[in-house]
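Spelled out from the first residue to the last, the chains are:
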Amino acid sequence: MLLRLLLPLLLATTYLPAQTLIEGHAPAAYRNQLVQLDILDDHIDVVTIADYMILAQTEVDFTGYFRFGALTLPKGPSYYRIRYRNWADPPVSMDFEKRHYLHAVIKAGDTLRVDGLEPTGGSATNTALARFEAQFDTYADADDPTLPTRAREELTQLRDDYIRRTIQDTRADPYVRVFALGKLGEDAPNQQALQSGSEALAFTNLPLSYEEQLMHDLGGFTYRDLQRQNTWLKLALGILFIITGYCCWSLYTRRPAAMASQDSPTPVASNELTDKEREVLEQIAAGHSNKEVAARLFVSVSTVKSHINSIYRKLGVTDRRAVVEAWEEQNSTPV
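Below you will find a few notes about this structure. Since the model is a prediction, treat every value here as computed from it, not as a measurement.

### Observations concerning the state of the cysteines
Put plainly, two cysteines are in a disulfide when a covalent bond ties their sulfur atoms together.
Thought 1: For the coordinates displayed, the defined rule picks out 0 disulfides.
Thought 2: Unpaired in this structure, Cys247 has its nearest cysteine sulfur neighbour in Cys248, at a distance of 6.9 Å.
Thought 3: The class of Cys248 is partly exposed, set by a relative accessible area of 49%.

Now the structure itself:
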């Protein structure tokens, strides 16, 4: 009889999801403030923030202590961000130039303890991630607009060199190599970096979403590289452009002057853009990068890319310069 009563309890205990514990002390500036836990769905999310990433939030007490208890996380390991913020800041507020967060690889059932911006003890992977970010912080002035241009350029080059060396270092922790690839963001990855990141990914247990995004980026790079390098394609496009230009010029010169005076203005293609696409277009015209646009509009970089591709299609252009020219032409005041 006792066995019958205990059997359901034993079965329930067996199938209960493993609980994860994250606790520690926040930096002194965040006492009596908040700490949030974000999950990163792919390597690019290292340099982005969006509502869907936020998993949990808790308060930091007057001593700086905080605790995420009884968390139910996915079974497999993934990247997580422990992010400190003030009560007055919105949930998706991020300052990527002055670090107030740390990253860690966690899976269901893990226990992670942190001290400020570093893990204490724990796995070798998280220790290696902390070392990488500490070194990355030494190049933070690369984004300081008050520094002379030459100094910022040198720091930026040193930072990129450090990231690329980490990605290509086969002796480094594979999770750190994939994380470093994400630090390059949307603008910098070349084929060598993407391939090295793909090789490192094979030695991790990260979710399939990481591999899918990496293969998408690698395929897109290969396509763009073929467009740049295929001399015959460039020659054919050049000839086609000349022929098309000649035909347009010929039709224009044969058109009666009376008809030319009655022509109505060509409708601006950007009238077809959605409100969100117009917001993205305004940010691009202001000279902001994909990462900056994502931060300003509180969306992911992947979402910004989708909007940009839609804008290209609607405006019939293939690069940012043409988009900006179309935008300026639309908003220029007639003389």
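### Remarks on the packing of aromatic side chains
Thought 1: Within this structure, the stated rule accounts for 9 aromatic pairs.
Thought 2: Between the aromatic rings of Phe132 and Phe136, the centroid separation amounts to 6.3 Å while the plane-to-plane angle is 20°, which identifies the pairing as stacked. Of this pair, Phe132 and Phe136 both sit in helix α2 (residues 124–137), 4 residues apart, which is roughly one turn of the helix.
Thought 3: Residue classification places Phe136 among the buried positions, given a relative accessible area of 14%.
Thought 4: Three or more aromatic residues joined by ring pairs form one cluster here, namely Tyr79, Phe132, Phe136, Tyr139, Tyr162, Phe179 and Tyr210.
Thought 5: When the ring centre of Phe136 is taken as origin, the NZ or CZ atom of Lys183, which lies over that ring, is 4.3 Å away.

### Topic: the pairing of strand β6 (residues 101–106)
Thought 1: Burial analysis of β6 places 6 of its 6 residues in the buried class, which makes it a mostly covered element.
Thought 2: Burial along β6 is two-sided: Tyr101, His103 and Val105 facing one way and Leu102, Ala104 and Ile106 facing the other are all buried.
Thought 3: Two strands pair when backbone bridges link them, and strand β5 (residues 78–85) and β6 are joined in this way by 6 bridges, in the antiparallel orientation. Across the sheet, the residue bridging to Tyr79 is Val105, located in β6.

### Some points on unusual backbone geometry
Thought 1: The backbone of Asn32 sits at a positive phi, close to 65°, despite the residue not being glycine.
Thought 2: Along the chain, Asn32 falls in the loop between β1 (20–25) and β2 (34–40).
Thought 3: A positive phi angle is found at Phe298, which is not glycine, with a value near 60°.
Thought 4: The partly exposed category is assigned to Phe298, whose relative accessible area is 41%.

### Side note on the layout of surface pockets
Thought 1: What the second largest pocket holds in volume is close to 930 Å³.
Thought 2: Looking at the second largest pocket, it is lined by 33 residues, and the ones nearest its centre are Glu97, Asp143, Arg159, Lys291 and Glu292.
Thought 3: Elements supplying a minimum of two residues to the lining of the second largest pocket: α2, α3 (149–168) and α10 (290–297).
Thought 4: Counting residues per element, the lining of the second largest pocket draws most heavily on α3, which supplies 6 residues.

### Thoughts on the environment of Asn190
Thought 1: You can see Asn190 is positioned in the loop between α4 (174–183) and α5 (191–201).
Thought 2: Given a relative accessible area of 26%, Asn190 falls into the partly exposed group.
Thought 3: When the C-alpha positions of Asn190 and Leu218 are compared, they lie 8.5 Å apart, and in sequence the two are 28 residues distant.

### Things to note about helix α12 (residues 320–331)
Thought 1: Its 12 residues place the ends of α12 17 Å apart at the C-alpha level, agreeing with the 16 Å of an ideal helix rising 1.5 Å per residue.
Thought 2: Every buried residue belonging to α12 is among Val323, Val324 and Trp327, and all of these are buried. Summarising the axial view, the buried residues of α12 lie within an arc of 95°, below the 170-degree limit, and thus occupy one face. Facing away from the buried side of α12 by more than 90 degrees, the exposed set consists of Arg321 and Glu329.

### A short note on the sheet that holds strand β3 (residues 54–59)
Thought 1: Reading across from one edge, β3-β2-β5-β6 is the order of the 4 strands in this open sheet, with antiparallel pairing throughout. Both outer strands of the open sheet, β3 and β6, are each paired with one neighbouring strand and no more. Each strand of the sheet is rotated relative to its neighbour by a mean of 20°, with strand direction disregarded.
Thought 2: In the sheet, β2 pairs with β5 via 7 bridges, with the strands oriented antiparallel. Note on β5: the bridge partner recorded for Leu40 is Tyr79.
Thought 3: The strands touched by α2 within the sheet are β5 and β6, with β6 carrying the most contacts at an inclination of about 155°.

Analysis parameters
- Residues numbered from 1 in each chain as written.
- Predicted model: local features only at pLDDT ≥ 70, side-chain atom pairs only at ≥ 80, totals over all residues.
- Heavy atoms only, no water.
- Disulfide = S-S within 2.5 Å.
- Buried < 20%, exposed > 50% of the residue type's maximum accessible area, 1.4 Å probe, protein only.
- Phe/Tyr/Trp six-rings, centres within 6.5 Å; stacked < 30°, edge-to-face > 60°.
- Helix = DSSP H or I, 4+ residues; strand = E, 2+ residues; numbered from the N terminus.
- Lys NZ or Arg CZ within 6 Å of the ring centre and 35° of its normal.
- Pairing = 2+ DSSP bridges.
- 1 Å grid on protein atoms, 1.4 Å probe; cavity = no way out; pocket = protein on both sides within 12 Å on 5 of 7 lines; lining within 4 Å.
- Points joined across faces, edges and corners; volume = space filled by probe spheres on them.
- Expected span 1.5 Å × (residues − 1).
- Arc of directions from axis to C-beta.
- Axes fitted to C-alpha atoms, helices over the stretch in contact; angles between N-to-C directions.
- Contact = heavy atoms within 4.5 Å.

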